[in-house]
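# Architecture at a glance
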Amino acid sequence: MNQYLSDHVHLSDDGTAVIILDQTQLPCRTEYRTLRTAREMFDAIQQLQVRGAPAIGICAAYDLYVLAQQISAHTTQEFLSLLRQQATFLASSRPTAINLSAALNRMLDTAATQTCIRDMLSALYRECIAIHEEDIAMCRAISEYGLTLIKDGDGILTHCNAGPLATSRYGTALGPLFLGKERGLNFHVFSDETRPLLQGARLTCYELHRAGIDVTLICDNMASLVMKNGWIQVCFVGCDRVAANGDTANKIGTSGIAILAKHYGIPFYVLGPTSTIDLSCKTGDDIPIEQRDANEIKQKFYAEPMAPPEINCYNPAFDVTDHSLISGIVTEYGICRAPYTESLRTAMQQKHAALSGKGRNSL
Ligand code: MRU
């Protein structure tokens with residue numbers, strides 16, 4: 001495996017803890033955290049030590065397996081009830097990415113298929129590994145489809161971080177770039193810094209630079225000029241939740257990029273696995289948007305406060321890009337195009353068919 005595509009979330013060798021690379025310390029320090037308690041797991045997700053929609057789903061699945069072992073001395077009914085409580089607690093750490101609650105629900109459903117705790121633990125172990133392995137395969141497939149959208153010499157704009165750190169191995173929005181580099185394609189990437197938490201500067205630049213990919217960091221408010229200069233031929237972003245009509249929640253600032261791209265006639269693609277599609281949300285208005293601490297804007301990355309301490313802040317972590325601004329949604333089942341109500345439903349049907357063994361079963 002290439003060193004820049006290593007897994008950043010995994011079980012400890014004895015299976016009693018979850019190990020994560022602490023993304024809040026990057027790019028300066030490579031520090032790993034060992035998570036054993038529900039509180040540590042909640043905080044790791046809430047504080048973005050582990051972040052990115054697929055990665056928090058994978059982490060939460062491992063978390064629940066670790067916590068399940070700690071309550072295995074209870075009766076079966078007590079065990080299931082405690083497991084549900086732990087899952088509810090972990091799911092409350094971040095509301096927007098559907099992957100978190102979806103992975104936890106999948107683990108709970110798995111436990112409920114067994115009758116004794118020993119079998120439940122075995123099934124939970126298999127399920128969290130499966131969730132991780134599926135994500136690796138999905139990212140790889142998305143990367144292949146995404147690569148068909150890049151031409152030699154292109155300039156590509158990306159926002160936030162949807163690379164290996166946020167997923168598994170190749171990533172989603174950055175996946176085609178790693179694959180393109182491996183296959184000798186020439187292109188140039190512009191990475192938005194992504195205020196206020198700087199995922200683009202700290203994480204995307206770190207990942208792309210380590211892979212030897214040609215990348216330039218820009219402040220979020222420079223995207224319009226870079227597009228006007230003719231330096232961008234395509235935009236690639238990730239997603240945290242995609243509604244049935246194609247409206248897409250992603251890192252705050254994404255919708256602005258999409259509006260600019262439309263103005264300059266640049267294709268704007270969302271890349272994400274079907275695990276991020278939530279057909280129960282009819283439109284983006286149904287997607288809950290996380291609000292975060294004001295100090296992330298006023299103080300976090302500064303030596304001293306950069307705003308009066310008492311000033312009010314509005315700090316939504318995500319915004320919703322209207323489906324009309326999206327040229328395509330790249331999933332592991334291909335590129336969904338408008339009308340998204342139909343194409344996303346078809347992708348989900350393919351997924352369910354594959355899962356039930358009737359269709360493609362490699363994903
Ligand atoms: O708040 P974050 O850093 O977890 O936000 C992450 C994003 O918005 C990513 O673009 C998204 O999760 C896709 S990751 C493949």
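Residues numbered from 1 in each chain as written. Predicted model: local features only at pLDDT ≥ 70, side-chain atom pairs only at ≥ 80, totals over all residues. Heavy atoms only, no water.

With respect to the helices and strands, T254 occurs in helix α9 (residues 254-264). On the accessibility criterion, T254 (1% relative accessible area) is buried. For T254, the contacting residues outside a window of four places in its chain are H159, V237, F268, D319 and T321. (Helix = DSSP H or I, 4+ residues; strand = E, 2+ residues; numbered from the N terminus. Buried < 20%, exposed > 50% of the residue type's maximum accessible area, 1.4 Å probe, protein only. Contact = heavy atoms within 4.5 Å.)

Taken in spatial order, the seven strands line up as β6-β5-β4-β7-β10-β13-β14 in an open sheet, and their pairing is mixed. Two strands in the sheet have a free side with no partner beyond their single neighbour: β6 (215-218) and β14 (334-336). Averaged over all neighbouring strand pairs, the angle between strand axes comes to 25 degrees, with direction disregarded. In the sheet, strand β4 (residues 154-158) pairs with strand β5 (residues 187-192) via five bridges, with the strands oriented parallel. Residue pairing for β5: I156 is matched across the bridge by V189. Contacting β4, β5 and β6, helix α7 (residues 199-210) crosses the sheet at an angle of about 160 degrees to β5. (Pairing = 2+ DSSP bridges. Axes fitted to C-alpha atoms, helices over the stretch in contact; angles between N-to-C directions.)

The next thing to look at is the environment of T34. Mapped onto the elements of the fold, T34 is located in strand β3 (residues 32-35). Taking relative accessible area as the criterion, T34 reaches 40% and is therefore assigned partly exposed. Taking the C-alpha atoms as reference points, T34 and D13, 21 residues apart in sequence, are found 12 Å from one another. T34 has contacts with A17, V18, I19 and E40, leaving out every residue within four places of it along the chain.

So, about the layout of surface pockets. One number sums up the size of the largest pocket: a volume of about 400 Å³. Contributing to the lining of the largest pocket are 22 residues, with A102, R106, E134, S275 and K351 lying nearest its centre. With five residues, the single largest contributor to the lining of the largest pocket is helix α4 (residues 98-112). Along the lines of polarity and charge, the residues of the lining of the largest pocket split into 12 nonpolar, five polar and five charged. Structurally, the lining of the largest pocket is a two-domain feature, drawing no fewer than three residues from each of domain 1 (9-139) and domain 2 (151-355). (1 Å grid on protein atoms, 1.4 Å probe; cavity = no way out; pocket = protein on both sides within 12 Å on 5 of 7 lines; lining within 4 Å. Points joined across faces, edges and corners; volume = space filled by probe spheres on them. Nonpolar A, V, L, I, M, F, W, Y, C, P; charged D, E, K, R; others polar. Domains from an automatic or database assignment.)

Accessible area lost upon the coming together of the parts serves often as the stated size of an interface. Considered domain by domain, the protein chain is made up of domain 1 (9-139) and domain 2 (151-355). On a C-alpha basis, the centroid separation for the pair domain 1 and domain 2 is 25 Å. Facing 26 residues of domain 1, the contacting portion of domain 2 comprises 34 residues. Interface of domain 1 and domain 2: buried area, both sides summed, is about 2400 Å²; carbon and sulfur atoms make up 56% of it. For the pair domain 1 and domain 2, the interface holds one salt bridge. The closest approach of N and O atoms between E290 and R94, which form a salt bridge, is 2.9 Å. The tally of links between domain 1 and domain 2 comes to 14 residue pairs in polar contact (both at pLDDT 80 or more). Taken together, the elements giving at least two residues each to the side of domain 1 that touches domain 2 come down to α2 (53-70), α4 and α5 (117-147). At five residues, α5 tops the list of elements feeding residues into the side of domain 1 that touches domain 2. (Buried area = accessible area lost by both parts, 1.4 Å probe. Salt bridge = Lys/Arg side-chain N within 4 Å of Asp/Glu carboxyl O. Polar contact = N/O pair within 3.5 Å; in protein donor to acceptor, adjacent residues only side chain to side chain.)

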